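Structural overview
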Amino acid sequence: MQVAPRIEWLGEPERFEQLGPDWELMLPPDARPFDTHTWYRSWYRAFGAEGEMRICLAWEGERLVAAMPLMERRRRWLSAMANVHSNVYRPVGSNPAAVRSVVEAVLARGGGKVSMSAVPSDDISLPMMTEVATRAGRRHVLGAEHTSPIVELDGDFADWRARSKPGWGAPLERFRRKMTREHDAHFVIVEAPTDLDYELARGFAVEASGWKGASGTAIISDPRTETFYREVSQSFAERDELRLSRVVLDGHWAAFDLCLLHHGRLYLLKTGFDERFRRLAPGLVMRLSIIERCFELGLEAHELLGDDTEWKRKFANTERRHSVFHAYETGLVGSVGYTYRAAARPLLKRAYDGALAFRRG
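Read on for a plain summary of the structure. (Residues numbered from 1 in each chain as written. Predicted model: local features only at pLDDT ≥ 70, side-chain atom pairs only at ≥ 80, totals over all residues. Heavy atoms only, no water.)

1. Structural notes on the side chain of Lys312
When you line up the elements, Lys312 lands in helix α12 (residues 310–313). Despite its burial, Lys312 pairs with no opposite charge; the closest candidate is Asp307, at 6.8 Å N-O. (Helix = DSSP H or I, 4+ residues; strand = E, 2+ residues; numbered from the N terminus. Buried < 20%, exposed > 50% of the residue type's maximum accessible area, 1.4 Å probe, protein only. Lys, Arg positive; Asp, Glu negative; His and termini not counted. Salt bridge = Lys/Arg side-chain N within 4 Å of Asp/Glu carboxyl O.)

2. Describing the environment of Val92
By the secondary structure assignment, Val92 is in strand β5 (residues 92–93). As a C-alpha pair, Val92 and Ala31 span 61 residues in sequence and 8.2 Å in three-dimensional space.

3. Describing the pairing of strand β10 (residues 252–262)
The buried fraction of β10 is high, at 10 of 11 residues. Bridging between strand β9 (residues 242–249) and β10 involves eight bridges; their strand directions are antiparallel. Looking at the pairing, Val248 lines up with Trp253 of β10. Pairing of β10 with strand β11 (residues 265–273) involves eight bridges; the strand directions are antiparallel. (Pairing = 2+ DSSP bridges.)

4. Structural notes on helix α11 (residues 282–297)
Between its terminal C-alpha atoms α11 stretches 22 Å, which fits the 22 Å expected from 16 residues at 1.5 Å a residue. Where burial is concerned, most of α11 is hidden: 12 out of the 16 residues are buried. Those residues of α11 that sit buried are Pro282, Gly283, Leu284, Val285, Met286, Arg287, Leu288, Ser289, Ile290, Ile291, Cys294 and Phe295. Two residues or fewer past α11, Gly298 is found with a positive phi of approximately 70°. (Expected span 1.5 Å × (residues − 1).)

See the structure below:
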């Protein structure tokens, strides 16, 4: 007879910091950097003030087998240990049975609302969540969220180039030649940092030089966000999984990229370009150079992450869809929340989108 895993609710940041080795041994073969203890440790150090740590752990004897990192942001509301900077989120475990154990512990115990976003739509945890919530008598909503473009690196670069070039919308290779012909051009493409603090300072300044800085969404616009990306960069550099890229023209950083290289896939966290060089499309030229380098390195994919935007579609040949899941407590409060999320909120969003389209038209 198989014994069910022992469930533990972890709320002590000091003990969480010590779980790194156990956590890494628990990860499945398809783990992404966003599943690692390194990622969550960096996230909590920057954004832990957003709520109270509530991580659901499953143990088989002394071996950690699954985890669902959560935060209690308001009384009786558990949500993913994630925010806008978390590109992918999911319960993670060494096998499906272990993942189910933490899903059941979170959803079948009753209590308040449970929310998760950025869950890959094909992840094994989603059908588990809906099944367990239904069995527990919880009303729940499973909805579509953002779609992230991906460059799958099948074949060779010449094949990919032939297929994608019609969609570039600009003569990127000619721009690259023009850079080297008319400027003192220096390309650093998918390289480990040699002077991390200096390279981050210069790169963050590039990222803030355009619309992101003006809109207050740049890394350096918020001390917590800057802390987070510095923590991530330092921690993954120690794992030799941080990769930076840049295009330098006449001593000026024209474009910058911050990526994580994990299990043969290059994940784009942040990118930016100096709009003074817009006529040469330095960000797109850098992206083309990065993809070419990914083929040279024999990587599986370059994940562009985030939302589906026009510039990413110039290069992507596949995508990953994400879902949002909400489970509500039983009773009147839960019914009101469920009704708003399932019915009223979609109507309000359609009305807002329609009004916005009318104004633009």
